[in-house]
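A closer look at the structure
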Amino acid sequence: QLFNPPAEPVPKGGTAKRAGAFRSAKFVGVIDGFRSSLSELVKTLEATHTHFVRCIKPNLAKTAGVYEHEVAARQLRTSG
């Protein structure tokens with residue numbers, strides 16, 4: 001499972017009531033929002049078949065109509 005249930009925070013010198021109020025008011029709201037957003041993103045990514053388009057510079061001067069084999073081959077070998 002991608003997300004496990006959150007662990008209960010251990011209060012440091014405070015009361016359990018105060019730690020619970022902090023957790024429910026701020027911490028849980030932010031974390032739950034992030035968790036649901038991330039979960040939706042993961043579902044979307046898992047449902048798609050992603051493809052990437054890589055642009056290759058044909059020459060170092062970036063001049064139109066000029067192709068240098070070594071420049072293009074180096075970019076393909078090193079991914080950049």
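Described in the following lines is the structure provided in the data block. Computed from a predicted model, the values in this text were never measured in an experiment. (Residues numbered from 1 in each chain as written. Predicted model: local features only at pLDDT ≥ 70, side-chain atom pairs only at ≥ 80, totals over all residues. Heavy atoms only, no water.)

This next bit is on the overall build of the chain. A count of helices and strands for the chain gives two helices and zero strands. Here the chain holds 80 residues, and the buried ones make up 9% of them. Taking as baseline every contact in the chain between residues at least 6 positions apart, the subset at least 24 positions apart corresponds to 26%. (Helix = DSSP H or I, 4+ residues; strand = E, 2+ residues; numbered from the N terminus. Buried < 20%, exposed > 50% of the residue type's maximum accessible area, 1.4 Å probe, protein only. Contact = heavy atoms within 4.5 Å.)

Using the criterion set out here, one finds one salt bridge in the structure. In this structure, aspartate 32 engages arginine 35 in a salt bridge whose closest nitrogen and oxygen atoms are separated by 3.2 Å. Highlighted residues: aspartate 32 and arginine 35, both in helix α1 (residues 16-47), separated by three residues, approximately one helical turn. (Salt bridge = Lys/Arg side-chain N within 4 Å of Asp/Glu carboxyl O.)

What follows concerns the side chain of asparagine 59. Along the polypeptide, asparagine 59 turns up in the loop between α1 and α2 (69-78). Classification of asparagine 59 as buried rests on a relative accessible area of 2%. One polar contact links the side chain of asparagine 59 to the main-chain carbonyl oxygen of valine 66, over a distance of 2.5 Å. The contacts of asparagine 59, once residues within four sequence positions are left out, are Val66, Glu68 and Val71. (Polar contact = N/O pair within 3.5 Å; in protein donor to acceptor, adjacent residues only side chain to side chain.)

Quick look at the side chain of glutamine 75 now. With respect to the helices and strands, the residue glutamine 75 is situated in helix α2. A polar contact is formed between the side chain of glutamine 75 and the backbone oxygen of lysine 57, at a distance of 2.8 Å.

Let's shift gears to the environment of proline 58. Looking at the secondary structure, you find proline 58 in the loop between α1 and α2. Given the relative accessible area of 32%, proline 58 is considered partly exposed. Placed 12 residues apart in sequence, proline 58 and glutamate 70 show a C-alpha to C-alpha distance of 9.3 Å.

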